[in-house]
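Spelled out, the chains give:
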Amino acid sequence: MSTLLAFEDALEEITRSASVLVEQQTIPLINAVGRTLANNVVARISVPPYDNSAMDGYALACQDWQDGKRFTVSQRVAAGQHPQPLMPGTCARIFTGANIPSGADTVVMQENTELEGDKVIFTKQPTSSDNIRPLGQDMQIGQTVVKVGEKITPIHIGLLSSLGITEVIVYKQLNVGILTTGDELIPTGEKLKEGQIYNSNGPMLSALVAQAGHNVSHCLHTADTPEDTKTALKTLMQSCDVILSSGGVSVGEEDHVKDALEKLGKVHLWKIAIKPGKPLVHATLQGIPFLGLPGNPSSTLVTYHWFARLLLSICAGQVAELPKSYPVDAGFNRNKVIQRDEFLRVSIGKDGLAYAHPQQSSGALLAACESQGYLHVKANTQIEYGHSYSFYPFSSF
Ligand code: AMP
Ligand code: MG
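How each quantity is defined
- Residues numbered from 1 in each chain as written.
- Chains lettered and ligands numbered in written order.
- Predicted model: local features only at pLDDT ≥ 70, side-chain atom pairs only at ≥ 80, totals over all residues.
- Heavy atoms only, no water.
- Salt bridge = Lys/Arg side-chain N within 4 Å of Asp/Glu carboxyl O.
- Helix = DSSP H or I, 4+ residues; strand = E, 2+ residues; numbered from the N terminus.
- Buried < 20%, exposed > 50% of the residue type's maximum accessible area, 1.4 Å probe, protein only.
- Pairing = 2+ DSSP bridges.
- Axes fitted to C-alpha atoms, helices over the stretch in contact; angles between N-to-C directions.
- Contact = heavy atoms within 4.5 Å.

J.: Looking at this model, I keep getting lost on the pattern of salt bridges. Mind explaining?
T.: For side chains bearing opposite charge, pairing can occur when the charged atoms are close. For the coordinates displayed, the defined rule picks out 7 salt bridges. The salt bridge involving R16 is made with E12; its shortest N-O contact spans 3.1 Å. With R16 and E12 both in helix α1 (residues 7–16) and 4 residues apart, this pair spans about one turn of that helix. Given a relative accessible area of 58%, R16 falls into the exposed group. Between K172 and E23 there is a salt bridge, with the nearest N and O atoms lying 3.5 Å from each other. Placement of K172 in the loop between β12 (167–171) and β13 (175–181) and of E23 in the loop between α1 and β1 (24–28) is noted, with a sequence separation of 149 residues between them. Residue class for K172 comes out partly exposed when judged on its relative accessible area of 36%.

J.: Would you explain the pairing of strand β26 (residues 388–393) in this entry?
T.: The side chains of a regular strand alternate between both faces of the sheet. Across 4 bridges, strand β22 (residues 326–329) lies against β26 in antiparallel orientation. Note on β26: the bridge partner recorded for D329 is S388. Looking at chain direction, strand β25 (residues 373–377) and β26 are connected through 4 bridges and run antiparallel. Residue pairing across strands places G373 opposite P393, the latter belonging to β26.

J.: Please clarify how the sheet that holds strand β16 (residues 215–222) should be interpreted in this entry.
T.: The strands that make up a sheet pair up through hydrogen bonds in the backbone, lying either parallel or antiparallel. With respect to topology, 6 strands assemble into an open sheet ordered β16-β13-β17-β21-β20-β18, the strand pairing being mixed. Edge positions in the sheet fall to β16 and β18 (266–270), since each has one partner strand and no second. Within this sheet the neighbouring strands show an average axis-to-axis angle of 20 degrees, counted without direction. Bridge count between strand β20 (residues 281–285) and strand β21 (residues 288–293): 5 bridges; the pairing is antiparallel. The residue bridging L285 from the neighbouring strand is I288, located in β21. Contacts from α1 reach β18, β20 and β21 within the one sheet, and its direction differs from that of β18 by about 155 degrees. Packing against the sheet, helix α3 (residues 201–211) makes contact with β13, β16, β17 (242–246) and β21, and its axis sits at approximately 165 degrees to β13.

So, in structure tokens, the structure goes:
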């Protein structure tokens, strides 16, 4: 047990060694959802670019108001029009989004006015700046509005469009190679024979990598032989920025990944004190970062979520963010001390407590689908009812 690297140390070591591996490119903003910004975006205009009305109503100067005074409407300003300076002592009919005439400093919404012929009476004394959206209320010229490393969301598309931006500089997508291993595995679509199972980690990893915004450039499978494993790795090394594998990293005679890595590159760490996912291996193959994830599907998922996701995001130029957690009390007990940091698949009950899925086998994937996230129980602790632990919803990965 003493040879296992602590969870936090492994996380720190894997992320510390990673760096941006992709070049930059300019693309139309409209195609940029999910891409990573390669430079800060600075506002070249203020938004809104001029003071404008937040309401349909009347613009006037507060100082002109008197109780019962009948105001002449000296102009009409709709959105998109250029107003004249306000004639002193009068008001302007104004509509939402319209430019405030100079000389006016407040807008009274039309619901709070009385009409008398062609005159308007403002029943309540207005206050300066009421119902005016001032220039730069949203963004000021020169302000940094989106930072390098941020992933562009549909909200950013709207924000940057409001600045008149049509193109952004983003990082090119990271090319990720995926290698699955195992003589027992066959691709979906074929008929299972005795002793075979379907390769589920390949499709799952491809989906996880693609969902994170990277490009799955290769998805290979190798038989459990040293030669085939090395050949597959060499193929991936020719064209991938980062390589992930599943299976073949344990201590069995059929586990050839680690040996192949030692022949082709340098192994930095192997085996960490987590459950599931202990035999994770981290290596570099001629400068290409490599993470070998254990083959049990839940181990693959946990180690992807915690380690591969972060490694890929750093290599892709993204801001490396640890998943967000919040404290949740356990709704169950366990009578033995936990030896390795454990990531239990749990759901939150109506009482707000976390309940572990009854199936915690590292081979079982349905349990993860039926759960809402991980409860992180640290090594050398015991799970006690009512005690608080960090809960990480799957959506935070
Ligand atoms: P390994 O890490 O190669 O010892 O595999 C551990 C367990 O995970 C074994 O039961 C494998 O059959 C299973 N396994 C490995 N790779 C995959 C995969 N790609 N899809 C589904 N199960 C896998
Ligand atoms: Mg295997």
